[in-house]
Amino acid sequence: MAKSKSHGPPKLPAKQLAILAICRFAEPVALTSVYPYLPEMIESFGVKKADVAKWAGITSAVFSLAQCTTAILWGRASDKIGRKPTIVIGLTFTMTCSILWGMSTTLPMAIIARALHGGMNGNVGIIRTMVAEMVPEKELQPRAFSIMPLVWSLGSIFGPSFGGFFAKPAENLPGLFGNNKFLIKFPFALPNLVASGLFMIGIMTGILFLRKPRNTKQTMVENLGKTFDESSASLLRPSSSSTESSKAFNDSSDSKPSPPRPTMSEVFTRQSIINLMAYTFLALHAVAYDQLLPIFMHHPQQISDSNNTSLPFKFSGGFGLGSGRIGTIFTLYGICGCIIQFLIFPPVARKFGVLNCFKACGITFPIICFITPYTALIQSSTGQQAAILGIMLVRCFVVIFAYPCSIILLTNSAVSLRILGTLNGFAVSISSLGRAIGPASAGGAFTWGVEHGYMITPWWLLGFIAVIGAIPIWHLVEMDGFSKTSESDSESDLENTDNELPDIAEEDAILEGDEAVQSDPRESAISTIDGPPLDKLASRRSVDLGGRRISISKRERRLSNPIGLVGGSVGPGGRRKLSNGLAASNMGQGTGGAGFS
């Protein structure tokens, strides 16, 4: 009795995930580098200080609205032309739009650049889909889905540093750039030029090393076809039909029909809809908070007195910090985020469950929003910065847990891997509405609050939105995911790790799980060779196939999924029919390879 081949625990595809992370890295650097200098950039266009928050919110809103209109198209494009080319194209467009944003000299030009930046890149959903395709095992998902947020956290370290250090270089670094006419004319171009170098690294890495995630079963079928082609010639009589039937096997494998287009009922299940609602509210208040915080920190301080302060609601003022100090604070925030993302989130999510962690985040978000504006009441600048940094660290825990938890729950709500690209396209598109509404409404509320002396207005607005956004979380159910779906979807879904050729226990045994079916007399043989038909030979014979001895029965067999061709019936009744594994075709004649009807 041959021993079964033991399988170890599933492992992360570390190499491909690392390549994907390199492709992703430049985007958070470019996006977060804007935060430190955004208030000063808006002011440089001639906008009043009181209106800076409103126009900053509008620039963020047009980015998200443009992303909303194109995210589904990018998702469908990735399903049609492939993930890799779509990601490379998106990176190229993003690099170009980042440089255009840095060279903006007027408010309309900056708004157009941000709109193009959002509309020309749908990589968020596509990369998320690739991670899901690479790692279908549920036990590995917390670590796998924490990698891209970890990349965002790393980008959040370098991005604000670049933005704060390289913004207005002719003024801040006169010894190096004081006489540079280009940087004098475009004071905010240098951070984006630095980021473009990272984009080039990501583009070249993607072109050279990124591979399309391959279904384990598909790879196995291809290997099985190669085995038939190599082994059949030595086992059967020489015949010209051997080469032809082998070619037919390969040609048919390459020209298999594409999967059907996902339907709306498949994409929008009840749990998918609830997940999309929760993710949209999360994006709405989280992105608005990130957009508002540097503006709040840049806004001038206000000395409290009886005329402008009436606690607990009426007060105003900010921190009065410059872009360099804001960049430093955001850099510390990013460093802590990396530690939390990689070392704390995976074990905590495994211990308490993804859904329970997401619920805890839903409770914490409103509290953070409600207490943030009261840091402006601290008179000491050092005390203000220490207080806001402490709040940011607590929020760092919550954000870093919330996003991957939401993504994991959304991914596992998909009924099939086939529709995951479209689902993530809808997720990016719908959540982009939240990312547009949040900063725009919060920016307008900030402007109103400054004019009327109520700094709590934008923060409490976000707090109430976070309360509403927490409600759908309590209606979520942690699904099993797409790794265990019906057999009809097995073309695109992964099953268990037990997907290799099973070992043969005895010389006269057939493969376990095979189903015997009767031959259809109406079907003709694909190709024949001279000699007696196999049904006149001994009832069984065994052949050596790649070091394994397989017994041949004169009955036609319907191959089970572990070695059969998935996606259709094997044997009578299906489009793709494999002859009896080098034994007998449908009419009992020997063939030189694999036959298809």
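Quick note: structure is the one above.
The residue numbers shown here count from 1 along each chain, following its written sequence. Thresholds applied to this predicted model are a pLDDT of at least 70 for local features of residues and 80 or more for the giving and counting of side-chain atom pairs; totals over whole chains, interfaces and linings are not thresholded and use all residues. Side-chain descriptors were evaluated using all non-hydrogen atoms of the structure, hydrogens and water having been removed beforehand.

A. A look at the nonpolar core. Note on terminology: a nonpolar core comprises buried Ala, Val, Leu, Ile, Met, Phe, Trp, Tyr and Cys residues joined through side-chain atoms within 4.5 Å. Here's how the labels work: a residue is buried when its accessible area is under 20% of the maximum for its type, exposed when over 50%, partly exposed in between, all with a 1.4 Å probe on protein chains only. Counting 118 residues, the largest nonpolar core has Leu20, Leu293 and Phe358 as the members making the most contacts within it. Put simply, DSSP marks the helices as runs of H or I at least four residues long and the strands as runs of E at least two long, and each gets a number from the N terminus on. Looking at this core, the element that brings in the most residues is helix α19 (residues 381–412), giving 14 residues. Here, residues are in contact when the closest pair of their heavy atoms is within 4.5 Å. Apart from residues no more than four positions distant in its own chain, Leu20 is found in contact with Ile87, Ile127, Met130, Val131, Met134, Met148 and Leu210.

B. Local environment of the packing of helix α1 (residues 14–32) against helix α2 (residues 34–44). Between α1 and α2, the shortest axis-to-axis distance is 6 Å and the interhelical angle comes to 30°. Considering the angle they form, α1 stands roughly parallel to α2. On α2, the residues that touch Ala30, Leu31 and Thr32 of α1 are Val34, Tyr35 and Pro36. The angle between two axes is taken between their N-to-C directions and runs from 0 to 180 degrees, where each axis is a line fitted to C-alpha atoms and a helix contributes only its stretch in contact. To sort the angles, those under 35 degrees are grouped as roughly parallel, those over 145 as roughly antiparallel, those from 65 to 115 as roughly perpendicular, and the leftovers as oblique.

C. Looking closely at the environment of Gly118. Among the secondary structure elements, Gly118 is positioned in helix α5 (residues 107–119). Sequence-wise, Gly118 and Ser60 are 58 residues apart; in three dimensions their C-alpha atoms are separated by 9.2 Å. Those residues in contact with Gly118 that lie beyond four places of it in its chain are Phe63, Ala66, Gln67 and Thr70.

D. View of the pattern of salt bridges. Any Lys or Arg side-chain nitrogen located within 4 Å of an Asp or Glu carboxyl oxygen qualifies as a salt bridge. By the definition in use, this model includes 7 salt bridges. Its salt-bridge partner being Lys168, residue Glu40 comes within 3.6 Å of it at the nearest N-O pair. In this pair, Glu40 is assigned in helix α2 and Lys168 in the loop between α8 (147–166) and α9 (169–172), connecting sequence segments 128 residues apart. The closest approach of N and O atoms between Arg83 and Glu133, which form a salt bridge, is 2.6 Å. Placement of Arg83 in helix α4 (residues 83–102) and of Glu133 in helix α6 (residues 123–134) is noted, with a sequence separation of 50 residues between them. In this pair, the class of Arg83 matches that of Glu133, namely buried. Salt bridges linked by common partners bring Glu40, Lys168 and Glu171 together as one network.

E. Geometry of the packing of aromatic side chains. Side-chain rings of Phe, Tyr and Trp (the six-membered ring for Trp) are treated as a pair once their centres are within 6.5 Å; stacked means planes under 30 degrees apart, edge-to-face means over 60, and tilted covers the remaining angles. All chains considered together, the criterion is met by 17 aromatic pairs. Here Phe313 and Trp460 contribute two aromatic rings whose centre-to-centre distance is 5.7 Å and whose plane-to-plane angle is 85°, an arrangement assigned as edge-to-face. Of this pair, Phe313 sits in the loop between α16 (270–298) and α17 (323–352) while Trp460 sits in helix α21 (residues 456–470); the two residues are 147 residues apart in sequence, bridging distant segments of the chain. One aromatic cluster is present, built from ring pairs that chain together Tyr289, Phe296, Phe319 and Trp459. Above the plane of the ring of Trp101 lies Arg114, whose end atom (NZ or CZ) is 5.1 Å from the centre. Counted as over-ring charges are cases with an Arg CZ or a Lys NZ within 6 Å of the ring centre that also lie within 35 degrees of the ring normal.

F. Structural view of the environment of Ala436. As for its position among the elements, Ala436 is in helix α20 (residues 420–452). Between the C-alpha atom of Ala436 and that of Ala288, which follows or precedes it by 148 residues, the distance is 8.6 Å. The residues contacting Ala436, other than those within four sequence positions of it, are Ala61, Ser64 and Leu65.

G. Expanded view of empty space enclosed by the protein. We place a 1 Å grid over just the protein atoms. Points where a 1.4 Å probe fits but has no way out form a cavity, open points with protein on both sides within 12 Å along at least 5 of 7 lines form a pocket, and any residue with an atom within 4 Å of a point lines it. Grid points are joined across faces, edges and corners, and a volume is the space filled by probe spheres set on the points. This model, assessed by the stated rule, comprises 5 cavities of 30 Å³ or more. As a volume, the largest cavity reaches approximately 1100 Å³. Lining the largest cavity are 49 residues, with Arg24, Leu31, Trp152, Val287 and Tyr403 sitting closest to its centre. Three classes are used: nonpolar for Ala, Val, Leu, Ile, Met, Phe, Trp, Tyr, Cys and Pro, charged for Asp, Glu, Lys and Arg, and polar for all others, with Gly counted as polar. For the lining of the largest cavity, the per-class residue count stands at 26 nonpolar, 16 polar and 7 charged.

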